[in-house]
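Notes for the structure review
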Amino acid sequence: MVHIVKTNQLTRTYGGKEAVSNVSMSVKQGEIYGMLGPNGAGKTTVMKMITNLVKPTAGEIELFGERITDSSYRHLGRMGMIIETPIFYDKMTAHENLELHCDYMGYHNKNSIKEALELVNLNAIDKKPVKEFSLGMKQRLGIARAITTKPELLILDEPTNGLDPVGIKEMRELFSVLSKQFGMTILVSSHILGEIELIADTIAVMNGGKLLQEVPMEHITRQNTEYIEITTRECGKAAYVLEKQFQLTNIRVFDGGQIRVYDCRVAQNDLMKALVLHDVAIESIYKKTGSLEDYFLSIINGGDVVV
Ligand SMILES: Nc1ncnc2c1ncn2[C@@H]1O[C@H](COP(=O)(O)OP(=O)(O)OP(=O)(O)O)[C@@H](O)[C@H]1O
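Our subject in this report is the structure included herewith. From a predicted model like this one, the values you see are computed outputs, not experimental measurements.

Brief notes about the site of the ligand
As a structural note, the neighbourhood of the ligand is formed by Tyr14, Ala19, Gly37, Asn39, Gly40, Ala41, Gly42, Lys43, Thr44, Thr45, Glu158 and His191. With three residues, helix α1 (residues 43–50) is the largest single contributor of residues to the shell around the ligand. Across the shell around the ligand, the residue classes tally to three nonpolar, seven polar and two charged.

Next comes the structure, spelled out in structure tokens:
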């Protein structure tokens with residue numbers, strides 16, 4: 001398996017506070033990798049370190065199989081990015097802005113500008129200067145600029161900001177096309193699960209600077225939305241018993257005295273018997289089905305994973 005991005009214990013501090021804390025992530029070639037997390041989770045800072053806009057305080061980054069250093073700028077030619085709000089020369093048209101970008105990047109296939117503008121549906125807007133564009137149009141132009149040079153890796157920080165629901169759907173379709181037809185690897189962030197769950201091959205959940213989970217989408221869609229919830233005052237003991245007895249790999253313990261077992265191979269009855277046998281007093285035990293949203297919220301909001 002070829003990894004296009006790999007970080008090891010990546011950390012960045014600002015004024016002694018960790019904005020990104022020991023993040024080790026791997027983005028595989030050709031996949032869409034979605035970073036999910038609330039505002040302030042550290043997603044932008046990770047992307048800035050990968051694109052050499054911010055230097056890591058500690059840790060390493062490998063891009064295209066090579067460890068990057070402070071002076072590694074040549075990888076940037078193989079990448080397209082939108083980080084924070086894209087800025088343009090606002091008296092120029094979309095086409096002129098992209099021409100300038102291609103000149104700057106030393107990329108001389110001028111046909112690619114037309115193709116990029118077509119892909120984001122801006123080809124018909126020929127004469128308008130960018131200052132007359134809506135926020136959504138500017139966002140789409142940002143994506144066009146990121147893809148004109150046919151990058152192998154596309155890094156998009158909250159690319160659907162400012163888009164309406166139709167625009168968001170168009171972007172999702174565009175990302176699928178770029179990934180499937182052009183073989184681009186895409187690293188995209190969002191604070192809204194619905195925007196990435198339909199397209200991401202892997203989801204990385206971040207909060208408070210930490211990578212809480214990196215998981216292939218196919219592993220979570222069914223198995224993690226069904227769970228058995230046990231309420232008990234002896235959560236620690238109960239989790240220990242269940243883990244030992246059934247070799248469970250995905251149990252979450254919540255502060256309020258709840259345990260969730262996201263592994264429905266084991267019958268509810270067998271879980272109950274094992275707990276009773278070990279003198280764990282159970283207040284209730286239920287099988288529940290949550291949405292994917294609930295699952296991710298439970299990772300973000302608490303619950304230590306006992307693995
Ligand atoms: N230049 C900076 N100086 C000081 N603190 C910073 C700086 N950049 C980021 N931070 C802090 O680091 C933390 C992570 O910010 P970051 O922008 O990476 O999060 P995010 O997940 O991308 O959120 P958002 O979607 O709001 O940008 C925040 O607490 C932020 O205030």
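What to know about the nonpolar core
The biggest cluster of nonpolar side chains holds 58 residues, and the ones touching the most others in it are Ala144, Leu154, Ile155, Ile186, Leu187 and Ala204. Sorting elements by how many residues they give to this core places helix α4 (residues 135–148) first, with six residues. When near neighbours in sequence (up to four residues on either side) are disregarded, Ala144 contacts Leu98, Ala116, Leu117, Leu119, Val120 and Leu122. Core analysis: the second largest hydrophobic core is formed by 14 residues, Ile228, Ala238, Ile259 and Val261 among them.

A few points about the packing of helix α8 (residues 235–246) against helix α9 (residues 268–277)
Where α8 meets α9, the axes come as close as 10 Å, and the angle between the chain directions of the two elements is 120 degrees. If you check the angle between α8 and α9, you find them oblique. Here α8 and α9 pass one another in a crossing that is right-handed. Within the contact between the two elements, α8 uses Ala238, Val241, Leu242 and Gln245 and α9 uses Leu271, Ala274 and Leu275. Looking at the contact of α8 with α9 residue by residue, the classes come out as six nonpolar, one polar and no charged.

Some remarks on helix α2 (residues 94–105)
What sets the pattern is the α-helix's 3.6 residues per turn: residues three or four places apart point alike. Taking 1.5 Å of rise per residue, the 12 residues of α2 would be expected to cover 16 Å, and the 17 Å separating its terminal C-alpha atoms lies within 8% of that figure. Along α2, the positions that sit buried rather than exposed are Ala94, Asn97, Leu98 and His101. Buried residues in α2, looked at end-on, bunch into an arc of 95 degrees, giving them a common side. Where the residues of α2 are buried, they touch α3 (111–119) and α4. One or two residues past the end of α2 sits Gly106, with phi positive at roughly 70 degrees.

Thoughts on the pairing of strand β8 (residues 153–157)
Every regular strand shows the same layout, with side chains that alternate between the two sheet faces. With five of its five residues buried, β8 lies for the most part within the structure. Sheet topology places strand β7 (residues 79–82) next to β8; four bridges connect them, and they run parallel. Considered in β8, the bridge of Gly80 is made with Leu154. Note that β8 and strand β9 (residues 185–190) share five bridges and pair parallel. Looking at the pairing, Leu153 lines up with Thr185 of β9. Handedness of the crossover joining β8 and β9 through helix α5 (residues 165–180) is recorded here as right-handed.

Regarding the sheet that holds β9
Taken in spatial order, the six strands make up an open sheet running β7-β8-β9-β4-β10-β11, and their pairing is mixed. Where the open sheet ends on each side, the last strands, each with one partner, are β7 and β11 (210–216). Across this sheet, the average inter-strand angle for adjacent strands is 15 degrees, counted without regard to direction. On top of the sheet, α1 reaches β4 (32–36), β8, β9 and β10 (202–207); it is set at about 150 degrees to β8, its chief contact.

With respect to unusual backbone geometry
Phi is mostly negative for residues that are not glycine, and the peptide bonds are mostly trans. The backbone phi angle of Asn121 is positive, close to 65 degrees, even though this residue is not glycine. Examined against the element boundaries, Asn121 turns out to sit in the loop between α3 and α4. Phi angles above zero are rare outside glycine, and Glu158 is one such case at about 45 degrees. Inspection of the secondary structure assignment puts Glu158 in the loop between β8 and α5. For Glu158, a count of 22 C-beta atoms within 10 Å translates into the label buried.

Points about the environment of Ser21
Secondary-structure assignment places Ser21 in strand β2 (residues 17–23). Residues Ser21 and Lys273, spaced 252 residues apart in sequence, show a C-alpha to C-alpha distance of 41 Å.

So, the pairing of strand β14 (residues 258–261)
In the sheet, strand β12 (residues 226–232) pairs with β14 via four bridges, with the strands oriented antiparallel. Residue Ile230 lies in a different strand from β14, and its bridge partner there is Ile259. Where strand β13 (residues 251–254) meets β14, four bridges bridge the pair, whose relative direction is antiparallel. Bridge assignment links Phe254 to a residue of β14, and that residue is Gln258.

Side note on the packing of α2 against α4
Two elements in contact, α2 and α4, have axes whose closest approach is 10 Å; the angle formed by their N-to-C orientations is 35 degrees. Crossing angle aside, the handedness with which α2 passes α4 is right-handed. Note on element contacts: α4 touches α2 through Leu141, Ala144, Arg145 and Thr148, opposite Ala94, Asn97, Leu98, His101 and Cys102. Considering only residue class, the contact of α2 with α4 consists of five nonpolar, three polar and one charged.

Reading the values: the criteria
Residues numbered from 1 in each chain as written. Predicted model: local features only at pLDDT ≥ 70, side-chain atom pairs only at ≥ 80, totals over all residues. Near = placed C-beta within 6 Å. Helix = DSSP H or I, 4+ residues; strand = E, 2+ residues; numbered from the N terminus. Nonpolar A, V, L, I, M, F, W, Y, C, P; charged D, E, K, R; others polar. Core = buried A, V, L, I, M, F, W, Y, C linked by C-beta atoms within 7 Å. Buried ≥ 20, exposed ≤ 12 C-beta atoms within 10 Å, placed from the backbone. Contact = placed C-beta atoms within 7 Å. Axes fitted to C-alpha atoms, helices over the stretch in contact; angles between N-to-C directions. Parallel < 35°, antiparallel > 145°, perpendicular 65-115°, else oblique. Left-handed = near helix turned anticlockwise from the far one by under 90°. Expected span 1.5 Å × (residues − 1). Arc of directions from axis to C-beta. Pairing = 2+ DSSP bridges. Right-handed = clockwise from strand over helix to strand, strands pointing away.

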